[in-house]
Amino acid sequence: MLDTLSNVKARLGITTADQDTFLTQQITMISDVIEAYCRRKFLSAQYLQTFYFDQNKPSRKFPLYHYPVTAVDHIALDGENLDADEFRVHKPTGYILSTQNGPTFFWAQETEVQYTAGYATCPTPILAVLDALVGERYAKK
């Protein structure tokens, strides 16, 4: 869920508990729909992402699927961990850049990245959409 039942109820001005089950179901479902539509998770979580060799795209950088990145636990090229000084992370966009000369990452058969990404709290515009959709369904109930 992108936010708690109590937070959504407070923003919508709902003070009774008689529809809590319905509201919880709507918050869960609409949260899933928002993340599916945006093709991303918003709240912080750990991820393990694996890239495989691609002859057509040698590169010193590659994008992680989830962002903003808060920490990179490890990067391994063909099972060998890189030292922290061998790469840089652009945390807001989730791009990993090799500090080594040449197309480091995609010359490996397998590049594995374990990292943490996402927001500590859901961004306000996303919460506004969640509230609008939950509020609309609550009004119809």
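What you see is a predicted model, and the numbers here were worked out from it, not measured in a lab.

J.: How should I be thinking about the sheet that holds strand S4 (residues 80-81) in this particular structure?
T.: Through backbone hydrogen bonds, the strands of a sheet pair up, either in parallel or in antiparallel fashion. The strand order across the open sheet built from 4 strands is S1-S7-S3-S4, with neighbouring strands paired in antiparallel fashion. The sheet is open, and its two edges are formed by strand S1 (45-52) and S4, each paired on a single side. The sheet contact formed by S1 and strand S7 (residues 110-117) spans 8 bridges and is antiparallel. When the sheet's bridge partners are listed, Gln 46 is paired in S7 with Thr 116.

J.: Is there a simple way to think about helix H2 (residues 20-38) in this case?
T.: One turn of an α-helix holds 3.6 residues; hence residues three or four places apart share an orientation. For H2, built from 19 residues, the straight-helix expectation of 27 Å at 1.5 Å per residue is met to within 8% by its first-to-last C-alpha distance of 27 Å. Those residues of H2 that sit buried are Phe 22, Leu 23, Gln 26, Ile 27, Ile 30, Ser 31, Ile 34 and Glu 35. Of the surrounding secondary structure, the elements contacted by the buried residues of H2 are helix H1 (5-12) and helix H4 (124-140). Directly after H2, the chain includes Arg 39, whose backbone phi takes a positive value near 55°.

J.: Quick question: what am I supposed to make of the packing of H2 against H4 here?
T.: Two quantities define a packed helix pair, namely the angle between the helix axes and the distance between the axes. The interhelical angle for the contact between H2 and H4, taken along N-to-C directions, is 135°, at an axis separation of 10 Å. Between H2 and H4, the crossing angle belongs to the class labelled oblique. Crossing of H2 against H4: the hand is right-handed. Residues Phe 22, Leu 23, Gln 26, Ile 27, Met 29, Ile 30, Ser 31 and Ile 34 of H2 form the contact with H4, whose own contacting residues are Ile 126, Val 129, Leu 130, Leu 133, Val 134, Arg 137 and Tyr 138. Within the contact of H2 with H4, the residues separate by chemical class into 12 nonpolar, 2 polar and 1 charged.

J.: How should the pairing of strand S3 (residues 69-77) be read in this particular structure?
T.: On a regular strand, one side chain projects to one face of the sheet and the next to the other, so that they alternate. Bridge analysis of S3 against S7 gives 7 bridges, and the strand direction is antiparallel. Across the sheet, residue Ala 76 finds its bridge partner in S7, namely Glu 112. Bridge analysis of S3 against S4 gives 2 bridges, and the strand direction is antiparallel. Paired with Leu 77 across the bridge in S4 is Glu 80.

Definitions and cut-offs
- Residue numbers restart at each chain and count upward from 1, following the sequence in its written direction.
- Side-chain atom pairs in this predicted model are given and counted only at pLDDT of 80 or more, local residue features only at pLDDT of at least 70, and totals for whole chains, interfaces and linings cover all residues.
- The basis for the side-chain values is all heavy atoms of the structure; hydrogens and waters are excluded.
- Two strands are said to pair when DSSP picks up at least two bridges between them.
- Helix and strand assignments come from DSSP, with helices taken as H or I runs of at least 4 residues and strands as E runs of at least 2, each series counted from the N terminus.
- Given the number of residues in a helix, its expected span is that number minus one, multiplied by 1.5 Å.
- Here's how the labels work: a residue is buried when its accessible area is under 20% of the maximum for its type, exposed when over 50%, partly exposed in between, all with a 1.4 Å probe on protein chains only.
- Contacts are assigned to residue pairs that have any heavy atoms within 4.5 Å of one another.
- For helices, the fitted line uses only the C-alpha atoms of the stretch in contact; every axis is such a line through C-alpha atoms, and the angle between N-to-C directions lies from 0 to 180 degrees.
- Any angle that is under 35 degrees is reported as roughly parallel, and any over 145 degrees as roughly antiparallel; angles of 65 to 115 degrees are reported as roughly perpendicular and all others as oblique.
- Handedness of each helix crossing follows the sense of rotation of the near helix against the far helix: counterclockwise by less than a right angle gives left-handed, clockwise gives right-handed.
- The residue classification treats Ala, Val, Leu, Ile, Met, Phe, Trp, Tyr, Cys and Pro as nonpolar and Asp, Glu, Lys and Arg as charged. All others, Gly included, are polar.

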